[in-house]
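# Structure assessment
So the chains spell out like this:
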Amino acid sequence: MGDLILNLKQGEGRVPIKVGGETPWLLIDWPTKEQFWGLWGKTPEVCIDQYWTILKARSEGSSLQEAANPFKLSRERVRQIEARFQRLMLKQWQGAELD
């Protein structure tokens, strides 16, 4: 299968999104904080701030546990937040491709 990028830690500061086809993964630029806030819709502000901190830590090489510790979350919860972020980024990327 080769070296597939599956998470933010492996994206080296960029956001890997699964697009399929000949290029199964695409690395896109990290959103600004304003764009990031726009992705999460009606999510409470306190959660969005935590998500930003967690996901930035992951993109800078933190393990799931290291990103989870400051907020007393499980590794699984961090993985879920990361997966949701990647889905939201994919939706945003697909919308930009249509424009």
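Up top you'll find the structure we're talking about.
A brief look at the structure comes next. (Residues numbered from 1 in each chain as written. Predicted model: local features only at pLDDT ≥ 70, side-chain atom pairs only at ≥ 80, totals over all residues. Heavy atoms only, no water.)

Right, let's get into the pattern of salt bridges. All told, the structure shown has three salt bridges when counted by the stated rule. For R58, the salt bridge is made with E82, and the minimal N-O distance between the two is 2.8 Å. Placement of the pair is R58 in helix α2 (residues 45–59) and E82 in helix α4 (residues 75–98), with a sequence separation of 24 residues. For R58, a relative accessible area of 4% translates into the label buried. Where R79 meets E76, a salt bridge forms, and the shortest distance between an N and an O atom there is 2.7 Å. With R79 and E76 both in helix α4 and three residues apart, this pair spans about one turn of that helix. (Salt bridge = Lys/Arg side-chain N within 4 Å of Asp/Glu carboxyl O. Helix = DSSP H or I, 4+ residues; strand = E, 2+ residues; numbered from the N terminus. Buried < 20%, exposed > 50% of the residue type's maximum accessible area, 1.4 Å probe, protein only.)

Take R84: it is sitting in helix α4. By relative accessible area, R84 is classed as partly exposed at 32%. The spacing of R84 and W40 is 44 residues in sequence and 9.5 Å in space, taken between C-alpha atoms. Excluding anything up to four places from it in sequence, R84 contacts W40 and T43. (Contact = heavy atoms within 4.5 Å.)

So, on to unusual backbone geometry. One non-glycine residue with positive phi stands out, namely K72, at about 55 degrees. Position of K72 among the secondary structure elements: in the loop between α3 (64–68) and α4. Exposure remark for K72: the relative accessible area of 77% places this residue in the exposed category.

Before going further, it helps to spend a moment on the pairing of strand β1 (residues 15–18). Bridge count between β1 and strand β2 (residues 25–28): four bridges; the pairing is antiparallel. For V15, the partnering residue across the bridge sits in β2 and is I28. Hairpin connection, β1 to β2: the antiparallel pair is bridged by six residues, and G20 has positive phi, about 80 degrees. (Pairing = 2+ DSSP bridges.)

These figures capture arrangement, not role.
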